[in-house]
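Tertiary structure, described
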Amino acid sequence: MAKGQLQRQEQPWTILQNRTELDRNMKLTRSGKIALIILVVIIVAAVIGVIVYFVVYGKTPFYYHISFKLTNVEYDNKFGKPYSQEYIDLNERIVSLMNKTFQASKMRRQYVISHVAKVREDNGKTIVDVVLKFKSCYNNNAAIFRDRARNILLQKLIGDTGSLCIDSSSFQLSGCGRRTILSPGNKIAGGLDSAEGEWPWQASLQQNNIHRCGATLISNSWLLTAAHCFVNAKDPRQWSVTFGLLLSDSKLKQSVKNIIVHEKYRYPAHDYDIAVINLSKPVLYTTTIRKVCLPEANYNFPPNSDVVVTGWGSRKTDGTSPDVLQKGIMKIIDNVTCNKKEVYNGTITNGMLCAGFLEGRVDACQGDSGGPLVSSDSRGIWFLVGIVSWGDECALPNKPGVYTRVTYYRNWIASKTGL
Ligand code: 4AZ
C-alpha cells in the first residue's frame with residue numbers, strides 16, 4: 001500500500017517534472033524565436049538606415065568655388081555676357097581643363113562637373129570664378145576633401161595647362177560668401193522678398209520652436225548672433241536654428257550645443273551685443289545652406305557702401321512678421337554722422353556701426369536682431385559687416401539701424417570659435 005501509494009505519488013510528480021522541462025524547452029525555443037525576430041528587425045532597420053543615409057547624403061553635392069587669373073587672355077567685355085560666343089568658348093576651355101585635371105586624379109570618382117560662374121577684369125587680364133561640383137562626402141571629411149581638391153588644382157595649375165596661362169599665385173579656393181544659385185533676382189518686382197538660396201548663411205534662431213532672432217552661419221558648426229537674444233534664456237536646450245527661405249517650411253533644423261555670450265555684455269546696454277552658437281552637429285552645406293565670409297579685423301567697410309540686411313523681423317514697429325525672408329538694401333552711415341545730436345547723440349561706440357538712410361524708409365526691425373548685415377566685394381563674395389543690434393523703433397527719419405561691428409569683434413570671435 002505504502003509502495004503502491006508511493007508509486008502512485010511518483011507518477012504525477014514525474015509527469016509534472018517532464019511537463020515543466022517541456023515547458024522550459026518550449027519557452028526557450030519561443031524566447032529564441034523572439035530574439036531571432038528582434039535580431040532580424042535590428043539588422044533590417046540598420047540596413048535601411050545605411051541605405052537611407054547613403055541615398056540622402058549621396059544626393060547632397062559639394063560645391064567649391066575657385067578663382068584664378070589667365071595671363072594670356074585679354075579681358076573682353078563680351079565675357080560679361082553669358083550667352084556671347086566669347087564667354088561660351090572660354091567656359092568650354094576652362095571646363096575641359098577642370099575635367100582633365102580631376103579625371104586624371106584620385107578624386108575622379110567624386111568629381112562631377114564644373115562651370116564658369118563669372119569672368120572679371122584685373123589690369124586688362126582675365127580672372128575667372130569657377131564652381132566645381134563634387135559628389136557628397138561625410139561632413140567631417142569635408143576639410144580633407146577640400147585640401148585634396150586644392151592640392152590637385154595647385155599641382156595642375158603650376159604645370160601643363162594647355163593653351164591657358166594661369167597665374168598660380170592668383171589661385172583662390174573660397175568656401176564662404178558665395179551663392180550657388182547664380183542669379184536669384186527679385187521674385188517680386190520692387191518687393192523685398194528674397195529667393196531660396198539668395199542668403200544661404202541666414203538662419204532663424206528659435207526658442208521652443210518660435211522665431212526669436214536671426215543668426216548667421218560662419219562655419220559648419222558655428223553661428224554668430226546678438227547677445228540680447230539670450231537675456232533670461234541661456235539654456236541651449238530650449239534653442240534651435242533653422243535654415244531656408246520660409247519660416248513655415250524650413251529646409252533644416254539643428255539643435256544647439258552651446259551658447260557663448262560676450263562676457264562684457266550687460267543688458268540693457270547695447271555694447272558687446274554679440275554671441276556665438278555652437279551646433280550639436282555640423283550642417284552639411286548644400287546649394288541653399290552655406291557660410292558667409294568673416295572680414296579681417298583691420299578691414300574697413302567704407303561709409304556709403306551698399307549693404308543688405310536680411311531677416312524675418314516685423315515690417316514696421318510692432319507690425320506682423322513675414323513668412324518669407326526679407327531683404328533691405330541700404331548704405332553704411334559713418335559713426336560721426338550717426339553720432340550727430342539729431343541722430344543718436346553720441347551713443348554710437350567703436351564696436352557699433354549704423355546702416356540705413358537718414359530719411360528712414362529701409363531698416364531692420366523687431367525679430368531681425370542677431371541677423372546679418374552683409375556686403376559683397378568686387379568678386380561677388382559676401383562678407384559679414386554687422387549683426388542687427390538695436391535702433392530707435394524702425395525706419396524713422398534720423399534713426400537708422402545700429403549693428404554690432406563685426407571687424408571690432410573679429411578677434412573675440414576667433415578666440416571663441418577658432419575661426
Ligand atoms: C529689435 O527690437 C530691433 N531699427 C532691431 C532692430 C532695430 C530696432 C529694434 C533697428 O529687435
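The sections below set out a description of the structure shown in this document.

**Structural notes on the overall build of the protein chain**
Secondary structure assignment for the protein chain yields five helices and 16 strands. A separation of at least 24 residues holds for 68% of the contacts in the protein chain among residues at least 6 apart in sequence.

**So, the sheet that holds strand β13 (residues 352–356)**
Reading around the circumference, β11-β12-β13-β16-β15-β14 is the order of the six strands in this closed barrel, with antiparallel pairing throughout. Strand after strand, the sheet turns through a mean of 45° between neighbouring axes, direction not considered.

**Observations regarding helix α5 (residues 410–417)**
For α5, the set of buried residues is Arg410, Trp412, Ile413 and Thr417. Buried residues of α5 fall within an arc of 160° about the axis and therefore sit on the same side. Set apart from the buried face of α5 by more than 90 degrees, the exposed residues are Asn411 and Ser415. Looking one or two residues beyond α5, the residue adopting positive phi is Gly418, at roughly 80°.

**Section: the site of the ligand**
Around the ligand, the neighbouring residues are Asp363, Ala364, Cys365, Gln366, Gly367, Ser369, Val388, Trp390, Gly391, Glu393, Cys394 and Gly401. In the model, a nitrogen atom of the ligand is placed 2.8 Å from a nitrogen or oxygen of the Ala364 main chain. Its free accessible area being 300 Å², the ligand has 86% of it covered by the protein chains. Of the residues in the shell around the ligand, the class split is five nonpolar, five polar and two charged.

Thresholds applied
- For every chain, the first residue of its written sequence is number 1, and the numbers climb from 1 along that sequence.
- Only residues with pLDDT of 70 or above have their local features reported here, since the model is predicted, and side-chain atom pairs are shown and tallied only from 80 upward, although totals for entire chains, interfaces and linings are computed over all residues.
- To get the side-chain values, take all heavy atoms of the structure and skip hydrogens and water.
- Helical segments are the DSSP runs of H or I of at least four residues, strand segments are the runs of E of at least two, and each set is numbered from the N terminus.
- Between two residues, a contact is recorded if the distance between any of their heavy atoms is within 4.5 Å.
- Strands pair, by our definition, only if DSSP identifies at least two bridges between them.
- Axis geometry follows a simple rule: fit a line to the C-alpha atoms, using only the stretch in contact for helices, then measure angles between N-to-C directions, giving values from 0 to 180 degrees.
- Whether a residue is buried, partly exposed or exposed follows from its accessible area with a 1.4 Å probe, protein chains only, as a fraction of its type maximum: under 20%, in between, or over 50%, in that order.
- The directions from the helix axis to the C-beta atoms are what the arc is built from.
- Throughout this document, a residue counts as near a molecule or strand when at least one of its heavy atoms sits within 4 Å of that molecule or strand.
- The definition of a polar contact used here is a pair of N or O atoms within 3.5 Å, where within protein one atom must be able to donate a hydrogen and the other to accept one, and adjacent residues in sequence count solely through side-chain atom pairs.
- Areas reported here follow the Shrake-Rupley algorithm with a probe of radius 1.4 Å; residue values treat only the protein chains shown as occluding.
- Asp, Glu, Lys and Arg are counted as charged, while Ala, Val, Leu, Ile, Met, Phe, Trp, Tyr, Cys and Pro are counted as nonpolar; the rest, among them Gly, fall into the polar class.

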